[in-house]
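Observations on chain architecture
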Number of protein chains: 2
Amino acid sequence: MKNSNTDIPSCTKCGNTSGILCNLSMKEKDELSCGKQENVFKKGEVIFKEGHNAYNLFCIHKGKVKLSKLGKDGKEQIVRLAKAGDILGYRSLLSNEPYHGTATAMEETEICIITKEVFQKVNEDNYKLSLNLIQLLSKDLKSAEQHLIDVAQKTVKERISEALMLLIDSFGYLEDKRTINVALTRSEIADLAGTTTETTIRTLAQLSTDNIIKLEGKNILVTNYKELVKTSNTYD
Amino acid sequence: MKNSNTDIPSCTKCGNTSGILCNLSMKEKDELSCGKQENVFKKGEVIFKEGHNAYNLFCIHKGKVKLSKLGKDGKEQIVRLAKAGDILGYRSLLSNEPYHGTATAMEETEICIITKEVFQKVNEDNYKLSLNLIQLLSKDLKSAEQHLIDVAQKTVKERISEALMLLIDSFGYLEDKRTINVALTRSEIADLAGTTTETTIRTLAQLSTDNIIKLEGKNILVTNYKELVKTSNTYD
DNA sequence: GATAAAATATGATTTAAATCAATGTTTTGT
DNA sequence: ACAAAACATTGATTTAAATCATATTTTATC
């Protein structure tokens, strides 16, 4: 983690538009900015760790982050993906609990670190923000429950297809509109879909044979999105 | 559903102490009570249905409720259990979304039905309540994520053991301190653990052979809780 | 209290996916 | 540029749990 002069601007001048903090007033953004730290995490670096005490709110300015939890004999399960504008750690801050998962940078990622006190202050004074947080949690809970059912009931092929859809949903495509804009290892895709590396490789190969995707190293090109959705057996 | 004169009291006189609404001031409880409906649901009756528009908050006065979602080819997955004092449907109300799951009475259950408007009003005026809701959601999300990892990584025996622990945690024991205070069918236990009825039956039989539980019809007696925890492979 | 319906139980078989094993291919750091 | 490490691939084998099939017991209903 590099804690140096980055070119991350103050919250009032942040270019991100999609995050939950983006709707705050200038005054509130100013409050948040006050004393915030800006840090750059390299690919693979851990931002915070499951079980550790929570003192900060993390707001992604640029980059990609995975949130994972450890399961049986250390097997990792990716529970959420986050991108620019998304905030991390707020659950633990508001509930006074240790971090629920481990956040790891998936590529060079710029993050603003806001103290618990500042965040709580802003939250207390803004019912709208609380409501947005509730809605965010609600959304996360919904997708966690969906994910749960998927893992419990779907086949690996369906789950891998859905994992790819989640990646597209979270990070979109490159300029060519077909290459998924994130490079995961096969093992990470496995951690997302809740299966093993070998099975993931075989299943991706199968999806490739079915002409649904095209594999170019770590890049995955989606050549038939409609069929991918069908294969994932998703209806909503 | 019987919508008749029940003996459910006004919120100000509600005897429950564990729920999120119990900490409200008398004035707020009075507001909630205003215009609330009291209903009795018989065992098996549906309180609200997944996908339907959400107009009400449900507060359990007495009884037991399961929340489930439908998965592939109609297989049910129980995502949460609720008891006296617990509220249902608040997520959908606050996010303006359809109900995320289906709530079904597991036994004769008395429920207070509060309108969206009344609930929102009380919520808006009370930061403490918002915070409590956030913490509740946070807790639910945490357990959903844990459940997800369990289903993805644990064996059926571990999951069934954990399901029993969840039942104990949610509903406790009968007076004898060993009989789990809820009667589920084997198929419902399967829906909770994410497996099939046959496998559940076999696994329960095995736990019985291991002298961890004792089966008496639908009643399940826990004779060795420590070993049950061990078998569930849970560490928190 | 008879009869249907639902729930429980048990055995046999199949199957999807994990595991084990070995090898080839990229990345990464020095 | 090179070695070491990390990652990807493919094949063979095992296994946990689902599925299928059928019988028995319990529970509800007329």
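I will try to describe carefully the structure that is included in this document. (Residues numbered from 1 in each chain as written. Chains lettered and ligands numbered in written order. Predicted model: local features only at pLDDT ≥ 70, side-chain atom pairs only at ≥ 80, totals over all residues. Heavy atoms only, no water.)

On to the pairing of strand S3 (residues 56-62) of chain A, then. Residue and element names in this part refer to chain A. With respect to burial, S3 is a largely interior element, five of its seven residues being buried. Where S3 lies against strand S8 (residues 109-115), six bridges are found, and the strand directions are antiparallel. Among the inter-strand pairings, Asn-56 is bridged to a residue of S8, identified as Thr-115. Across two bridges, the pairing between S3 and strand S6 (residues 87-88) is antiparallel. Opposite Cys-59, over in S6, you have Ile-87 as the bridge partner. (Buried < 20%, exposed > 50% of the residue type's maximum accessible area, 1.4 Å probe, protein only. Helix = DSSP H or I, 4+ residues; strand = E, 2+ residues; numbered from the N terminus. Pairing = 2+ DSSP bridges.)

This part takes up the pattern of salt bridges. All names here are of chain A. Applying the stated criterion to the full structure yields 28 salt bridges over all chains. A salt bridge links Lys-36 to Glu-38; the shortest N-O distance between them is 2.9 Å. Across the salt bridge formed by Lys-214 and Glu-216, the nearest N and O atoms sit 3.2 Å from each other. Using a relative accessible area of 41% as the deciding quantity, one classes Lys-214 as partly exposed. Look at Glu-216 and you get partly exposed, because its relative accessible area is 42%. Linked by salt bridges that have partners in common, Glu-31, Lys-121 and Asp-125 make up one network. (Salt bridge = Lys/Arg side-chain N within 4 Å of Asp/Glu carboxyl O.)

The next subject is the protein's contact with DNA strand D. The local shell around DNA strand D holds 14 residues, among which Arg-186 and Ile-201 of chain A together with Val-156, Thr-195 and Thr-199 of chain B are the closest. Backbone sugar and phosphate groups make up 58% of those atoms of DNA strand D lying within 4 Å of the protein. Arg-186 of chain A places a side-chain nitrogen or oxygen 2.9 Å from a phosphate oxygen of DNA strand D. At 3.3 Å from a phosphate oxygen of DNA strand D is found a side-chain nitrogen or oxygen belonging to Thr-196 of chain B. Mapped by element, the contributors of at least two residues to the surface near DNA strand D are helix H6 (186-193) and helix H7 (197-209) of chain A together with helix H7 (197-209) of chain B. Residue classes in the surface near DNA strand D are distributed as two nonpolar, six polar and six charged. (Near = heavy atom within 4 Å. Polar contact = N/O pair within 3.5 Å; in protein donor to acceptor, adjacent residues only side chain to side chain. Nonpolar A, V, L, I, M, F, W, Y, C, P; charged D, E, K, R; others polar.)

Note on the copies: chain A fits chain B at an RMSD of 0.0 Å, the axial shift is 0.0 Å, and the rotation between them is 180°. Look at the turn and shift together and you get a two-fold axis relating the two. In this assembly the copies share their binding face: 100% of the residues contributing to the interface of chain A also contribute to that of chain B. (Least-squares fit on C-alpha atoms with pLDDT ≥ 70 in both. Contact = heavy atoms within 4.5 Å.)

Neighbouring DNA strand C are 13 residues, the closest being Val-156, Thr-195 and Thr-199 of chain A together with Arg-186 and Arg-202 of chain B. Protein-proximal atoms of DNA strand C, defined as those within 4 Å of the protein, fall in sugar or phosphate at a share of 59%. At 3.1 Å from a base oxygen of DNA strand C is found a side-chain nitrogen or oxygen belonging to Arg-202 of chain A. Here a phosphate oxygen of DNA strand C and a side-chain polar atom of Lys-218 of chain B are 3.1 Å apart. Elements supplying a minimum of two residues to the surface near DNA strand C: H7 of chain A together with H7 of chain B. Grouping the amino acids of the surface near DNA strand C by side-chain chemistry returns two nonpolar, five polar and six charged.

Turning our eyes to something else, we now look at the sheet that holds strand S5 (residues 76-83) of chain B. With respect to topology, four strands assemble into an open sheet ordered S2-S7-S4-S5 (chain B), the strand pairing being antiparallel. Every other strand in the sheet has two partners, leaving strand S2 (46-48) and S5 of chain B as the edge strands with one partner each. In this sheet, neighbouring strand axes are inclined to one another by 30° on average, regardless of whether the strands run parallel or antiparallel. Note that strand S4 (residues 64-70) of chain B and S5 of chain B share seven bridges and pair antiparallel. Bridge pairing in S5 of chain B links Leu-70 of chain B to Glu-76 of chain B. Contacting S4 and S5 of chain B, helix H4 (residues 127-153) of chain A runs over the sheet at an angle of about 135° to S5 of chain B. (Axes fitted to C-alpha atoms, helices over the stretch in contact; angles between N-to-C directions.)

Residue and element names in this part refer to chain A. With burial as the criterion, each face of strand S7 (residues 102-105) is covered, one bearing Thr-102 and Thr-104 and the other bearing Ala-103 and Ala-105. In this structure, strand S2 (residues 46-48) lies alongside S7, joined through two bridges in antiparallel fashion. Paired with Val-46 across the bridge in S7 is Thr-104. The pairing of strand S4 (residues 64-70) with S7 spans four bridges and is antiparallel. Paired with Ser-68 across the bridge in S7 is Thr-102.

The subject of this paragraph is empty space enclosed by the protein. Here the structure, examined in full by the defined rule, presents four cavities of 30 Å³ or more. The volume enclosed by the largest cavity comes to roughly 180 Å³. Cys-11, Cys-14, Leu-21, Cys-22 and Cys-59 of chain B are the residues nearest the centre of the largest cavity, which is lined by 17 residues in total. Those elements giving two or more residues to the lining of the largest cavity turn out to be helix H1 (26-33), strand S3 (56-62) and strand S8 (109-115) of chain B. With three residues, S3 of chain B is the largest single contributor of residues to the lining of the largest cavity. Of the residues contributing to the lining of the largest cavity, the split by class is 11 nonpolar, four polar and two charged. In this structure, the second largest cavity encloses a volume near 100 Å³. Along its surface, the second largest cavity is lined by Phe-48, Leu-67, Val-79, Arg-80, Gly-89, Tyr-90, Arg-91, Ser-92, Tyr-99, His-100 and Gly-101 of chain A together with Glu-145 of chain B. The set of elements that each furnish at least two residues to the lining of the second largest cavity consists of strand S5 (76-83) and helix H2 (90-95) of chain A. Top element by residues in the lining of the second largest cavity is H2 of chain A. It accounts for three residues. Broken down by class, the residue content of the lining of the second largest cavity amounts to five nonpolar, four polar and three charged. (1 Å grid on protein atoms, 1.4 Å probe; cavity = no way out; pocket = protein on both sides within 12 Å on 5 of 7 lines; lining within 4 Å. Points joined across faces, edges and corners; volume = space filled by probe spheres on them.)

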